[in-house]
Amino acid sequence: MHPAIRINSVTKHFGATLALAGIDLEIAQGEFFGLLGPNGAGKTTLISALAGLIRVDSGSLAVMGHDVQSAYRSARRQLGVVPQELVFDPFFTVRETLRMQSGYYGIRNNAAWIDEVIESLDLGDKAAASMRTLSGGMKRRVLVAQALVHRPPVIVLDEPTAGVDVELRQTLWRFIRRLNGEGHTIVLTTHYLEEAESYCGRIAMLKQGRIVALDTTANLLRQFAVHRLRLRLAVGGELPPALRARAVEDAGCWVLSFADFAEVEVMLAQLREARCPISEINIGQPELEEAFLAVMQRDAE
Amino acid sequence: MTGFRTLLYKEVLRFWKVSFQTIAAPVLTALLYLLIFSHVLEDHVQVYDSISYAAFLVPGLVMMSILQNAFANSSSSLIQSKVTGNIVFVLLSPISYAEFWLAYVLAAVLRGLVVGLGVLAVTLFWDTPLLVAPLWIVVFAVLGGAILGTLGIIAGVWADKYDQLAAFQNFIIVPLTFLSGVFYSIHSLPPFWQSLSHWNPVFYMIDGFRYGFFGISDVSPWLSVLVTGASFAVLAGLTLAMLKSGYKLRS
């Protein structure tokens, strides 16, 4: 079985700027994959190269085994891209837009699927409306619909939730998860790390055109993020010196970081021995944001 | 072929939806030219013995409208798509560069022909034109529209901003079409301008087109069709190579 996406030693310059500095990446069919990185890291460039919107200087890219240059027709049929920019053609209605996009991919008589996509994205009321009259959120839905109109096995979403309200986010994620459940491969870029954390099984972090971390979301969290024990002391309470040395004060609470749950027992024992009165205690989950910042900083050193 | 047909359909629908601006307006412009020039020059200019100046002017204006509107169609569609970014929907699709070229050119030819027919229809109120050799009329109308439609693709792909496109139009397309014998026979020009006109391919398009109406022309229609056909072949080759390279569209 071909990987959904195979990227081999891809480099790309824009003038003197090195946008992609040798990317190697393989994404298996059916994955929900996250592509993270700060602005300018090369995420959109990589997606553009995959979609054939730019030509790379060296290396090769393939979608479902079809090279994006030499077999561009089959490669593009396998790929649906939701662009980051909110672009639309003001001359047409929503349904015309979708019918034409379907036609570009050589598919006629696609009305049933177009209806289904319109319904799933809650676009029913707007199907006959001109694109220029739609709100930003509605335009975003049409962009997603356009990317799906040819039922591509691989779907790439470039910051699909940027500037989007809660309702649309939920509609969108419900639909995307359903597609993933039906076997579509999903590749996602986002700045909302909690979205990546909850949906992506595997994540690549990009920085200055390089992949600086590539692992399952669980492993990245384990490796780079820490758990936190958060304590609020009762009035007059004082941390024992052993804990005081490793605690950080935050909004009236003491925060103690730890990697292993066995450490919690030790810390609680120390508190008990010191007869330290506690008014509130909780344990925080590790967050992808921490892992992200850790990776980005590690690489800077 | 469905991809190509859809792109062609979209390009036709695009100008059809705003036909007041893309068809009615240029017909009105041509009509104004005809009113003013024929009124002012009727008694002063006689190009061919048997033909009134107004009658002489009609085929020139029809052809000029075809050419300018063919250019306007492909160039403005492309620059709009580029500036608004929606060109990405075509670029993401499996449509090949040759299909892309053909769809834009055919839509441009169609817009040119619709405007040309409109101009011809309103001028019927003045004079019933002769149609000595209708086949030549069709050949030059289609070839001329295809050449300017192709030039429109070059301009639309090249220009990053509307003012660059306007410069292309004002400094290349308008002089080429005006200095081509729309309003006069080049035989009435001083020798220098006359020989310069022979280097303008648009002159051959208009001269050949006019031959179709009257059966008389400044040069043989066979020479005109040769020059026009060769210009088309060269421009088409150039444009296809440009699109294949991904120039400006797939950087």
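The rules behind each value
- Residues numbered from 1 in each chain as written.
- Chains lettered and ligands numbered in written order.
- Predicted model: local features only at pLDDT ≥ 70, side-chain atom pairs only at ≥ 80, totals over all residues.
- Heavy atoms only, no water.
- Pairing = 2+ DSSP bridges.
- Helix = DSSP H or I, 4+ residues; strand = E, 2+ residues; numbered from the N terminus.
- Axes fitted to C-alpha atoms, helices over the stretch in contact; angles between N-to-C directions.
- Salt bridge = Lys/Arg side-chain N within 4 Å of Asp/Glu carboxyl O.
- Domains from an automatic or database assignment.
- Patch = residues over 30% accessible without salt bridge, like charges linked within 9 Å, V, L, I, M, F, W, Y side chains within 5 Å.
- Areas by Shrake-Rupley, 256 points an atom, 1.4 Å probe, with all protein chains shown as cover.
- Lys, Arg positive; Asp, Glu negative; His and termini not counted.
- Charge placed at Lys NZ, Arg CZ, Asp CG, Glu CD.
- Phe/Tyr/Trp six-rings, centres within 6.5 Å; stacked < 30°, edge-to-face > 60°.
- Buried < 20%, exposed > 50% of the residue type's maximum accessible area, 1.4 Å probe, protein only.
- Lys NZ or Arg CZ within 6 Å of the ring centre and 35° of its normal.
- Left-handed = near helix turned anticlockwise from the far one by under 90°.
- Contact = heavy atoms within 4.5 Å.

**Observations regarding the sheet that holds strand E3 (residues 32-36) of chain A**
Residue and element names in this part refer to chain A.
Link 1 in the chain: Spatially, 6 strands are ordered E6-E7-E8-E3-E9-E10 in an open sheet, and the strand pairing comes out mixed. Edge strands, defined here as strands with exactly one partner in the open sheet, are strand E6 (79-82) and strand E10 (210-216). Shown here is a sheet whose adjacent strand axes are inclined to one another by a mean of 15°, direction ignored.
Link 2 in the chain: As paired strands, E6 and strand E7 (residues 154-158) are joined by 4 bridges and run parallel to one another. By the bridge assignment for E7, Val 82 is matched with Leu 157.

**Overview of the pattern of salt bridges**
Link 1 in the chain: In this structure the tally under the stated criterion is 13 salt bridges over all chains.
Link 2 in the chain: Residue A:Arg73 is joined to B:Glu99 by a salt bridge in which the shortest nitrogen-to-oxygen separation is 3.0 Å. Taken as a pair, A:Arg73 in helix H2 (residues 72-77) and B:Glu99 in helix H5 (residues 97-123) lie in two separate chains rather than in one.
Link 3 in the chain: Among the salt bridges present, the one from A:Glu280 reaches A:Arg232, with a minimum N-O distance of 3.2 Å. Remark: A:Arg232 occurs in strand E11 (residues 227-233) and A:Glu280 occurs in strand E14 (residues 278-284); sequence separation between them is 48 residues.

**Description of the domain arrangement of chain A**
Bring the parts together and some accessible area is lost; that lost area is often taken as the interface size.
Link 1 in the chain: The domains assigned to chain A are domain 1 (5-221) and domain 2 (226-285).
Link 2 in the chain: The gap between the C-alpha centroids of domain 1 of chain A and domain 2 of chain A is 44 Å.

**Some thoughts on a negative patch on the surface**
Link 1 in the chain: On the surface, A:Glu119, A:Asp122, A:Asp125, A:Asp165 and A:Glu167 cluster together into a patch of negative charge.
Link 2 in the chain: Mapped onto the secondary structure, A:Glu167 falls in helix H6 (residues 166-181).

**What to know about the packing of aromatic side chains**
Two measures describe an aromatic ring pair: the distance that separates the ring centres and the angle between the ring planes.
Link 1 in the chain: All chains considered together, the criterion is met by 20 aromatic pairs over all chains.
Link 2 in the chain: Where A:Phe258 meets A:Phe261, the ring centres are 5.6 Å apart and the plane angle is 65°; that geometry is what we call edge-to-face.
Link 3 in the chain: Here B:Tyr33 and B:Phe183 contribute two aromatic rings whose centre-to-centre distance is 5.7 Å and whose plane-to-plane angle is 55°, an arrangement assigned as tilted. Here the residue B:Tyr33 occupies a position in helix H2 (residues 19-41), and B:Phe183 occupies one in the loop between helix H7 (162-178) and helix H8 (191-197), the gap between them amounting to 150 residues.
Link 4 in the chain: On the basis of relative accessible area, B:Tyr33 is assigned to the partly exposed category, the value being 23%.
Link 5 in the chain: One aromatic cluster is present, built from ring pairs that chain together B:Tyr33, B:Phe37, B:Phe178 and B:Phe183.
Link 6 in the chain: Its guanidinium or amino end placed over the ring of A:Trp113, A:Arg151 lies 4.1 Å from that ring's centre, counting from NZ or CZ.
Link 7 in the chain: Here the basic side chain of A:Arg169 rests over the ring of A:Tyr192, its NZ or CZ set 4.2 Å away from the ring centre.

**A short note on the packing of helix H3 (residues 53-84) of chain B against H5(B)**
All names here are of chain B.
Link 1 in the chain: Where H3 contacts H5, the axes come no closer than 7 Å and their chain directions differ by 145°. With respect to the hand of their crossing, H3 and H5 are arranged in right-handed fashion. In contact with Val 58, Val 62, Ser 65, Ile 66, Asn 69, Ala 70, Ala 72, Asn 73, Ser 74, Ser 77 and Leu 78 of H3, H5 contributes Phe 100, Tyr 104, Ala 107, Ala 108, Arg 111, Gly 112, Leu 113, Val 115, Gly 116, Val 119, Leu 120 and Thr 123.

**Some remarks on the pairing of strand E2 (residues 17-27) of chain A**
Residues and elements named next belong to chain A.
Link 1 in the chain: As paired strands, strand E1 (residues 5-14) and E2 are joined by 8 bridges and run antiparallel to one another. Among the inter-strand pairings, Ile 7 is bridged to a residue of E2, identified as Leu 25.
Link 2 in the chain: Linkage of E1 to E2, two consecutive antiparallel strands, is achieved through a turn of 2 residues, within which Gly 15 is found at a positive phi near 60°.

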